[in-house]
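Given next are the chains, with one letter for each unit.
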Amino acid sequence: MTIGTQAQPLSGVPSRESLADKLQAVLPKIVLAPSMAITLVFTYGFIVWSLVLSFTNSRMLPNYDFIGLSNYSKLFSMDRWTVAYTNLFIFGFLFIVIAICVGTLLAILLDQKIRAEGVLRTIYLYPFALSLIVTGTAWKWILNPEIGIEKLMHDIGFSRFQFDWLVDKDMAIYTIVIAAVWQASGFVMAIMLAGLRGVDNSIIKAAQIDGATMPTIYRRIILPIMRPIFFSCFIILSHLAIKSFDLVVVLTAGGPGYSSDLPATFMYQYAFGRNQIGIGSASAMITLMGFIAILIPYLYSELRKKKHG
Amino acid sequence: MTGLNKTLTAATFAALISGQAHAGNVEVLHYWTSGGEAAALAILQKMMKDEGHSWTDFAVAGGGGETAMTVLKSRAISGNPPSASMIAGPEIAQWGDLGVLAKLDEVATSEGWDALLPKAVADIHKYQGSYVAAPVNVHRINWMWMNKSILDQVNGGQVPQSWDEFFAFMDKAKQAGFIAFAHGGQDWQDATVFEQVALGVGGDDWYRQAFVELDKQALSSDTMTQAFATFKKLKSYMDPGMPGRDWNLTTAMVIDGKAAVQIMGDWAKGEFAAAGKQPGKDYVCATVPGTQNAFNFNVDAFMMFAQKSKEAQAAQQDLSRLLVSKEFQEEFNLKKGSIPVRPDVSLARYDSCAKQSMSDFQASAKSGSLVPSFAHAMAMEPAVSGAVYDVVTNFFNDNDMTADAATSRLVSAIELAQ
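The present account deals with the structure reproduced in this document. The model shown is predicted, which means the values in this text are computed figures rather than measured ones. (Residues numbered from 1 in each chain as written. Chains lettered and ligands numbered in written order. Predicted model: local features only at pLDDT ≥ 70, side-chain atom pairs only at ≥ 80, totals over all residues. Heavy atoms only, no water.)

Turning to the overall build of chain B, a few remarks are in order. If you tally the helices and strands in chain B, you get 19 helices and 12 strands. Whereas a compact globule of 418 residues would reach a radius of gyration of roughly 22 Å, chain B reaches 22 Å, a difference of no more than 12%. Along the three orthogonal principal directions, the C-alpha set of chain B runs to about 75 × 45 × 40 Å. For chain B, with 418 residues in total, the buried portion stands at 57%. Sequence separation of 24 or more characterises 75% of the internal contacts of chain B that already satisfy a separation of 6 or more. Accessible area of chain B: about 15,900 Å², with a carbon and sulfur share of 51%. Here chain B carries 33 positive and 46 negative side-chain charges, and the mean point of each set is 5 Å from the other. (Helix = DSSP H or I, 4+ residues; strand = E, 2+ residues; numbered from the N terminus. Rg over C-alpha atoms; globule rule 2.2 N^0.38 Å. Buried < 20%, exposed > 50% of the residue type's maximum accessible area, 1.4 Å probe, protein only. Contact = heavy atoms within 4.5 Å. Areas by Shrake-Rupley, 256 points an atom, 1.4 Å probe, with all protein chains shown as cover. Lys, Arg positive; Asp, Glu negative; His and termini not counted. Charge placed at Lys NZ, Arg CZ, Asp CG, Glu CD.)

Structure follows, in structure tokens:
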């Protein structure tokens, strides 16, 4: 019995055939059911559980004494949380903007039919293959005033040179931006390059015949065509930014003080280090809402497109 | 099946389904994975084997024990806790509230723990009047570690006794071109130094009111403001590479003669010993100014979880007895750098710092000036000590915050965390 044969179902077909049809109809559902169930429980189920916990006064272990919104009001009266989410805005904005700019620029330069493109592309993409732990450790050394760039500049004679952002309370968050941009811009470049290669050559030819210069062609024609690709990059980078954890832990450990804390490190610290699961869950929910605020416009635009198409 | 084979099978079986209570087996969760720590623990394993019990090692790496505690919580929730877990301080009481701990009263009575242990130490390891954890060592935190040659060179070998003398010493060391104060800018190190400054400035009674009883009046007092101000003053004697530096690298600066002094618990002694340095000859250990009569302690303990089978219970009681026994305490603390919790252990093989630590510990226990360390989880539950960490480290790193502002922020942060 072959499942694939779609013999006319209505004209007195033996019941075997219809069984095959039925099987064919339910098979994808059966195959997908376990992963669906796992996703439902371990992603959405746990989101709901975190939501429930954020309304309880859970300390060391989860409990179900509901205390309303008091965890949220506590959260927003905490200086450390203010620092954490302010940092997320600074870090997220700079990281996304700079990584996209650098990535696009690299892609455009690589797109000029240069020699050894394959090698260069690999070189730029390689940082993305490194674990954030490695990136963090390397940049921790590079930025350390005692052994890194500052020491190097002093050693070659620039004794007034100062670059101590890593240990400066007001600048530490920017060192995380530097390391994160270094990590991700090669990835943006790869996506952009694919996009650039997808642009129809005849449009460019036509513009050249009309006398447009290359910069104008990029600005007025190619980059606008690539709008959806920019959007994909934006979505990918923004979720990377919101869930950033390992880079902060390795590079600054949230310090000096807690000046470079991000919501993810805050959540871990409170839920697991300080036995305040309630407040930790509340901070996780706020972080989730932040991401939903970005995701919904994205889903909206995606789904609308399908309707029209 | 031969007897040997049987034992082997039983041991393998026990190892395979660890946690499930089996004949005379203890499963011990700990995070002592560094060389010295592992060596100290090996002594205990051998002693348990000599008693005829088997040992399942449940080591979870990660110095601060955060990971280990997370694993422990998940095991306890699923109803399958290990026999014993390393833990310190008031968190024991939080576990007691969950009703999962085993009582050690029988062992405690027959071994006379109440008579051996100072009340301040014993109380931490009891839940509702019963022992639920066995203490293994005492670390003293109010130590300063000085490089002897720098001390001789700039201060004529004089150990500073008051904060005035201390800052005079700092000035001289700084002028002589040394890093005067060695510090690692991590939140727990900030808290450790602040705690000693507070104890030195305010004395043990005030310290106890403020950081153990969390008395609002003591917390918001002028003494607190003064403690914050003194703590901030230390910052001008530190080097710019301080933020984020690990404590052992900081100790190495004192060992190498780059820095004059470090305030740190007696685990720092291990670093000096590993570098082949002698107390009194290469380095000097002395109490932090103003804390000469007080003893700021941190006690490591093993907390016991209720076990189902008779054999596991018996093994657990034996483990508890061994942990506090004279032989184990002597050997273990020699390796760990700390001092024994019981007074009747021979100190012949210990160094002069440990001997001083021991006699101060006994004296403080008598006079009631033993104070638990909040920087090392002995005085407050984690939520509160975390809040204090935040205020201390933020104040220390913020050049514009005044000591007054820090005091009022400390009060509100503690209220919020309770």
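Further remarks concern the interface of chain A and chain B. Facing 23 residues of chain A, the contacting portion of chain B comprises 28 residues. In total, chain A and chain B occlude about 2,300 Å² of area from one another, counting both sides; carbon and sulfur atoms represent 55% of this. By the criterion of area lost to chain B, the three top residues of chain A are Met60(A), Leu61(A) and Arg274(A), representing 25% of everything that side buries. Our count for the contact surface shared by chain A and chain B stands at 5 salt bridges. Between Lys169(A) and Asp398(B) there is a salt bridge whose closest N-O contact spans 3.8 Å. Here chain A is connected to chain B by 13 residue pairs in polar contact (both at pLDDT 80 or more). At the level of secondary structure, the elements contributing two or more residues to the side of chain A that touches chain B comprise helix H3 (79–110) and helix H12 (263–273) of chain A. Top element by residues in the side of chain A that touches chain B is H12(A). It accounts for 5 residues. Class assignment of the residues belonging to the side of chain A that touches chain B gives a composition of 10 nonpolar, 6 polar and 7 charged. (Buried area = accessible area lost by both parts, 1.4 Å probe. Salt bridge = Lys/Arg side-chain N within 4 Å of Asp/Glu carboxyl O. Polar contact = N/O pair within 3.5 Å; in protein donor to acceptor, adjacent residues only side chain to side chain. Nonpolar A, V, L, I, M, F, W, Y, C, P; charged D, E, K, R; others polar.)

In this model helix H3 (residues 66–77) of chain B runs 17 Å from its N-terminal to its C-terminal C-alpha over 12 residues, within 8% of the 16 Å that 1.5 Å per residue would give. Those residues of H3(B) that fall on the buried side of the exposure criterion are Ala68(B), Met69(B), Leu72(B), Lys73(B), Arg75(B) and Ala76(B). Angularly, the buried residues of H3(B) cover 165° about the axis, an arc narrow enough to put them on a single face. Of the surrounding secondary structure, the elements contacted by the buried residues of H3(B) are H12 of chain A together with strand E1 (25–30), strand E2 (54–59), strand E3 (84–87), helix H4 (91–97) and strand E11 (295–304) of chain B. Just past H3(B), the residue Gly79(B) takes up positive phi, approximately 75°. (Expected span 1.5 Å × (residues − 1). Arc of directions from axis to C-beta.)

Attention shifts here to the pattern of salt bridges. Enumeration according to the criterion identifies 28 salt bridges over all chains in this entry. The salt bridge involving Arg80(A) is made with Asp390(B); its shortest N-O contact spans 2.5 Å. Separated into two different chains, Arg80(A) in helix H3 and Asp390(B) in helix H18 (residues 382–397) make up a pair that spans both. Note on Asp390(B): relative accessible area 8%, which makes it buried. Glu415(B) serves as the salt-bridge partner of Lys216(B), at 3.1 Å between the closest nitrogen and oxygen. A residue pair is termed long-range when its members are at least 10 positions apart, and Lys216(B) in helix H11 (residues 216–219) and Glu415(B) in helix H19 (residues 403–417) qualify at 199 residues.

What follows concerns the sheet that holds strand E10 (residues 283–287) of chain B. Residues and elements named next belong to chain B. Across the sheet, which stays open at both edges, the 4 strands sit in the order E8-E9-E7-E10 with mixed pairing between neighbours. Where the open sheet ends on each side, the last strands, each with one partner, are strand E8 (179–181) and E10. Within the sheet, the average angular offset between the axes of one strand and its neighbour, ignoring direction, is 20°. Note that strand E7 (residues 143–147) and strand E9 (residues 259–263) share 3 bridges and pair antiparallel. (Pairing = 2+ DSSP bridges. Axes fitted to C-alpha atoms, helices over the stretch in contact; angles between N-to-C directions.)

Quick look at the side chain of Thr56(A) now. Residue and element names in this part refer to chain A. Inspection of the secondary structure assignment puts Thr56 in the loop between helix H1 (15–53) and helix H2 (70–76). Within the structure, Thr56 has its side chain in polar contact with the backbone oxygen of Leu53 (distance 2.7 Å). Those residues in contact with Thr56 that lie beyond four places of it in its chain are Asn63, Tyr64, Asp65, Phe66, Ile67, Asn71 and Gly278.

Another aspect to go through is the environment of Ala39(B). Relative to the helices and strands, Ala39(B) is located in helix H2 (residues 35–50). For the pair Ala39(B) and Lys335(B), spaced 296 residues apart in sequence, the C-alpha to C-alpha distance is 7.3 Å.

Counted by the stated rule, this structure contains 41 aromatic pairs over all chains. With a centroid separation of 6.4 Å and 90° between ring planes, the pair formed by Tyr85(A) and Phe89(A) is classed as edge-to-face. With Tyr85(A) and Phe89(A) both in helix H3, this residue pair falls 4 residues apart, about one helical turn. The exposure class assigned to Phe89(A) is exposed, which follows from its relative accessible area of 62%. With a centroid separation of 5.1 Å and 90° between ring planes, the pair formed by Trp113(B) and Tyr131(B) is classed as edge-to-face. Residue Trp113(B) is located in helix H6 (residues 113–116), and its partner Tyr131(B) is located in strand E5 (residues 130–131); the two are separated by 18 residues in the primary sequence. (Phe/Tyr/Trp six-rings, centres within 6.5 Å; stacked < 30°, edge-to-face > 60°.)

Within the structure shown, the criterion is met by 1 disulfide over all chains. One disulfide in the model links Cys285(B) with Cys353(B); its S-S distance is 2.0 Å. Between Cys285(B) and Cys353(B) the sulfur-sulfur dihedral comes to about -105°; the bridge is accordingly left-handed. One end of the pair, Cys285(B), is in strand E10; the other, Cys353(B), is in helix H17 (residues 352–367), and 68 residues separate them in sequence. Neither residue differs from the other here; Cys285(B) and Cys353(B) are each classed as buried. As a non-bridged cysteine, Cys233(A) has Cys101(A) as the owner of its nearest cysteine sulfur, 11 Å distant. (Disulfide = S-S within 2.5 Å.)

Residue and element names in this part refer to chain B. If you look at the biggest cluster of nonpolar residues, it comprises 66 residues, and the most contacted ones within it are Trp95, Trp113, Phe297, Phe302, Met303, Leu319 and Leu323. Sort the elements by how many residues they give to this core and E11 lands first, with 7 residues. Once residues within four sequence positions are removed from consideration, Leu319 is found in contact with Val26, Val28, Leu44, Met48, Trp55, Ala84 and Met304. (Core = buried A, V, L, I, M, F, W, Y, C linked by side-chain atoms within 4.5 Å.)

Once that is clear, we can look at the layout of surface pockets. As a volume, the second largest pocket reaches approximately 880 Å³. Residue lining of the second largest pocket: 27 residues in total, with Phe46(A), Ser50(A), Met267(A), Phe272(A) and Ala284(A) positioned closest to the centre. Looking at the lining of the second largest pocket, the elements that each hand over two or more residues are H1, helix H10 (227–242), H12 and helix H13 (277–308) of chain A together with H3 of chain B. Looking at the lining of the second largest pocket residue by residue, the class counts come to 18 nonpolar, 7 polar and 2 charged. (1 Å grid on protein atoms, 1.4 Å probe; cavity = no way out; pocket = protein on both sides within 12 Å on 5 of 7 lines; lining within 4 Å. Points joined across faces, edges and corners; volume = space filled by probe spheres on them.)

By themselves, these are just geometric observations and shouldn't be taken as functional.
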